[in-house]
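# Descriptive structure summary
What follows is the residue order along each chain.
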Amino acid sequence: MKRTPVRRHHELHRSQRGGWLRAGVLGSNDAIVSTSSLMIGVAASEASPAAVMIAGVAGLCAGALSMAVGEFVSVSSQHDAELADIAIEQRELVEAPAAELKELAGIYRERGLEADLAMEVAQQLTKHDGLAAHLRDELGIEQRGRARPLQAAWVSALSFATFALVPIAALVLVPGHALYAIPTASLAGLAALGAFGAHLGGAPIVRAAARVTIGGGIAMALTALIGRLLGVAAG
Ligand SMILES: [Zn+2]
């Protein structure tokens, strides 16, 4: 179908980016906190730098894969639900076009249009692309925003793996001082991520950075304590 291009007045609506932004920031925070805590826990048990490195790399792989599987499963079920809705809508449009037209007009009346205008809008949109109109205005499914399981899986795996490299790189650069290098690099990374996420989302920057840094610091300190206790018990 041919469409005339429409120049749109474009505003920056930050809340619309909330979904993927939240997922991205949460995934990368997760990667830094879990990988660095794992490495710090092992380091605190007085294991060798090689063992700490193996723990870090294993943590990176495990985290990236579990993120991929988890995202794939959850986005797939959303995708299936959308497909089922689309199939129902398609069938209804074929089997009961008059009822569907009335339904669509009813939706526009509820949104504030007068009855005649609502019916006219419904008729024109049905002629243009009835299925798209029903999906969008009845079910809230936008073609552009459809769930993509594979994309969600590899994006989250990749972002986890990337940010898990922060504590691993710290150990590579300063191998003799795992218990200083890993938390320092990781907390700096968390602060930067928190600030970046807040900046993109238009939220207060210092508060966001402080929140993730303190949260991450607590996680690392607790795992260090547990690693230390286990190291003492095992040694
Ligand atoms: Zn419908």
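Throughout this description, residue numbers start from 1 for each chain and increase along the sequence as written. Two thresholds apply to this predicted model, a pLDDT of at least 70 for residue-level local features and 80 or more for giving and counting side-chain atom pairs, whereas whole-chain, interface and lining totals are computed over all residues. The basis for every side-chain value is the complete set of heavy atoms in the structure, and neither hydrogens nor water enter the calculation.

This brings us to helix H7 (residues 205-234). The secondary structure listing takes helices from DSSP runs of H or I that are at least 4 residues long and strands from runs of E that are at least 2 residues long, numbered from the N terminus. What a helix should span is 1.5 Å times the count of its residues minus one. With 30 residues, H7 should reach 44 Å at 1.5 Å per residue; the first-to-last C-alpha distance of 43 Å fits that figure. Exposure is judged per residue with a 1.4 Å probe applied to protein chains only, and the accessible area is read against the type maximum: over 50% gives exposed, under 20% gives buried, and values in between give partly exposed. Taken residue by residue, H7 has Ala-208, Ala-209, Gly-216, Met-220, Ala-224, Gly-227 and Gly-231 as its buried positions.

With that settled, consider the coordination of the zinc ion. Metal coordination here is assigned from N, O and S atoms located within 2.8 Å of the ion, or within 3.2 Å for Na, K and Ca; omission of water means that sites may look incomplete. Here the zinc ion is held by the protein donor atoms Glu-89 (OE), Glu-100 (OE), Glu-103 (OE), His-134 (ND1) and Glu-138 (OE), which lie 1.8 to 2.3 Å from it. As a motif over one chain, the donors of the zinc ion read E-x10-E-x2-E-x30-H-x3-E. With a gap of 38 residues between them, Glu-100 in helix H3 (residues 97-110) and Glu-138 in the loop between helix H4 (115-137) and helix H5 (149-173) connect regions that are remote in the sequence.

This paragraph deals with the pattern of salt bridges. By definition, a salt bridge exists where a carboxyl oxygen of Asp or Glu is found within 4 Å of a side-chain nitrogen of Lys or Arg. Applying the stated criterion to the full structure yields three salt bridges. Within this structure, Arg-111, Arg-136 and Asp-137 form a network of salt bridges that share partners.

For H4, spanning 23 residues, the distance from its first C-alpha to its last is only 17 Å, which falls clearly below the expected 33 Å at 1.5 Å a residue. The axis of H4 is deflected most strongly, by about 120 degrees, at Asp-129. Residues of H4 that are buried include every one of Ala-118, Ala-122, Gly-130, Ala-133, His-134, Leu-135 and Asp-137, and no others. Whether two residues touch is decided by their heavy atoms; if any such pair falls within 4.5 Å, the residues are in contact. As for H4, its buried residues are in contact with helix H2 (49-95) and H3. Note on bend: at a given residue it equals the angle between the axes fitted to the 7 residues ending there and to the 7 starting there.

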